[in-house]
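The residues making up each chain are set out below.
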Amino acid sequence: MTRGFASAAAAVMLVAVVGWAAAAPPPAAAPPAPEATKPAPAATKPAPAATKVDEQTVHEVASQLRCVVCQNLSVADSPSETAKQMRAIVRERLAAGDSPEQVLAYFVEKYGDWILLSPPKSGFPLLVWVVPFVGLGIGLVLVAVVVRRWSRKPQGAGPPQLDPAVRERIHREMSEMDKS
């Protein structure tokens, strides 16, 4: 019983890990680098002086975008030249009146969902958010079942049934002991 349970638990955990790994974006599937060889005209020009952009908002938007060069850093944290150009585009689009959501949508349209550091919480990428919690829940249930089985006393474990001949012999010897 325990052996079957252990193999079932291992199978459930394997399915959870494989599902989580399948839902994660592949690390080698980077989109093509932006036109880094020629600077974007919008990125080289400073924002118009008439519209002030809050640097905190620029940082918040840039921190949600993945640097296409560093890939493990956000655009806000990356020291690369491409990240600087992307921050300038974010600043320019915010200065032009775009909302932070519109700026993010611009980059998603240009690079795809890969550009977002945290995957969207809809569609297939929803598995990245759901599978770890489902796996944790299944694991906790399995642990509770195992602990409950271990702590339970065996049912129906009374004294073993004796053969009538053995029972008669015990009674006879007991009565002989009482007489002496």
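Residues numbered from 1 in each chain as written. Predicted model: local features only at pLDDT ≥ 70, side-chain atom pairs only at ≥ 80, totals over all residues. Heavy atoms only, no water.

Novice: Describe the overall build of the protein, and please don't skip the residues or the numbers.
Specialist: In terms of helices and strands, the protein carries seven helices and zero strands. Tracing the protein from N to C terminus, the helices and strands come up as α-α-α-α-α-α-α. Buried residues in the protein amount to 23% of all 180 residues. As displayed, the protein has an accessible area near 12,900 Å², and 63% of this comes from carbon and sulfur atoms. (Helix = DSSP H or I, 4+ residues; strand = E, 2+ residues; numbered from the N terminus. Buried < 20%, exposed > 50% of the residue type's maximum accessible area, 1.4 Å probe, protein only. Areas by Shrake-Rupley, 256 points an atom, 1.4 Å probe, with all protein chains shown as cover.)

Novice: Tell me about the packing of helix α3 (residues 55–62) against helix α4 (residues 81–95), and name the residues and values.
Specialist: How two helices sit against one another is set out by the angle between their axes and by the gap between those axes. Running from N to C, α3 and α4 point in directions that differ by 125°, and their axes come no closer than 10 Å. As the angle between them shows, α3 and α4 are arranged oblique. Once α3 is placed against α4, the crossing between them reads as right-handed. Contacts from E55, T57, V58, V61 and A62 in α3 reach R87, V90, R91 and L94 in α4. Classifying every residue of the contact of α3 with α4 by side-chain character gives five nonpolar, one polar and three charged. (Axes fitted to C-alpha atoms, helices over the stretch in contact; angles between N-to-C directions. Parallel < 35°, antiparallel > 145°, perpendicular 65-115°, else oblique. Left-handed = near helix turned anticlockwise from the far one by under 90°. Contact = heavy atoms within 4.5 Å. Nonpolar A, V, L, I, M, F, W, Y, C, P; charged D, E, K, R; others polar.)

Novice: Lay out the pattern of salt bridges in plain terms, naming residues and giving numbers.
Specialist: Across all of its chains, the model carries three salt bridges by this definition. Between D98 and R93 there is a salt bridge, with its nearest N and O atoms 3.0 Å apart. What makes R93 partly exposed here is its relative accessible area of 24%. As a salt-bridge pair, R169 and E173 come within 3.0 Å of each other at their nearest N and O atoms. In this pair, R169 and E173 both sit in helix α7 (residues 164–179), four residues apart, roughly one turn of the helix. (Salt bridge = Lys/Arg side-chain N within 4 Å of Asp/Glu carboxyl O.)

Novice: Residue-level account of the side chain of R87, with values.
Specialist: Considering the arrangement of structural elements, one finds R87 in helix α4. Look at R87: it is buried, it has no salt bridge, and the nearest opposite charge is D77 at 7.4 Å. Discounting chain neighbours no more than four positions away, the residues touching R87 are V58, A62, V75, A76 and S78. (Lys, Arg positive; Asp, Glu negative; His and termini not counted.)

Novice: Please provide a residue-by-residue account of the packing of aromatic side chains, values included.
Specialist: In the structure shown here, the tally under the stated rule is two aromatic pairs. Judged by centre distance (6.4 Å) and plane angle (10°), the ring pair of F107 and Y111 falls under stacked. Here Y111 and F107 lie together in helix α5 (residues 100–111), a separation of four residues that amounts to about one turn. An aromatic cluster is built from Y106, F107 and Y111, whose rings are joined through pairwise contacts. Stacked on the ring of W114, the Lys or Arg R66 has its end atom at 5.0 Å from the ring centre. Lying across the ring of Y106, R93 places its NZ or CZ 4.0 Å from the centre. (Phe/Tyr/Trp six-rings, centres within 6.5 Å; stacked < 30°, edge-to-face > 60°. Lys NZ or Arg CZ within 6 Å of the ring centre and 35° of its normal.)

Novice: For the side chain of R66, give the residues involved together with the corresponding values.
Specialist: Inspection of the secondary structure puts R66 in the loop between α3 and α4. At 10 Å, D113 is the nearest oppositely charged side chain to R66, a buried residue that forms no salt bridge. Discounting chain neighbours no more than four positions away, the residues touching R66 are Q71, L73, V75, M86, W114, I115, L116 and L117.

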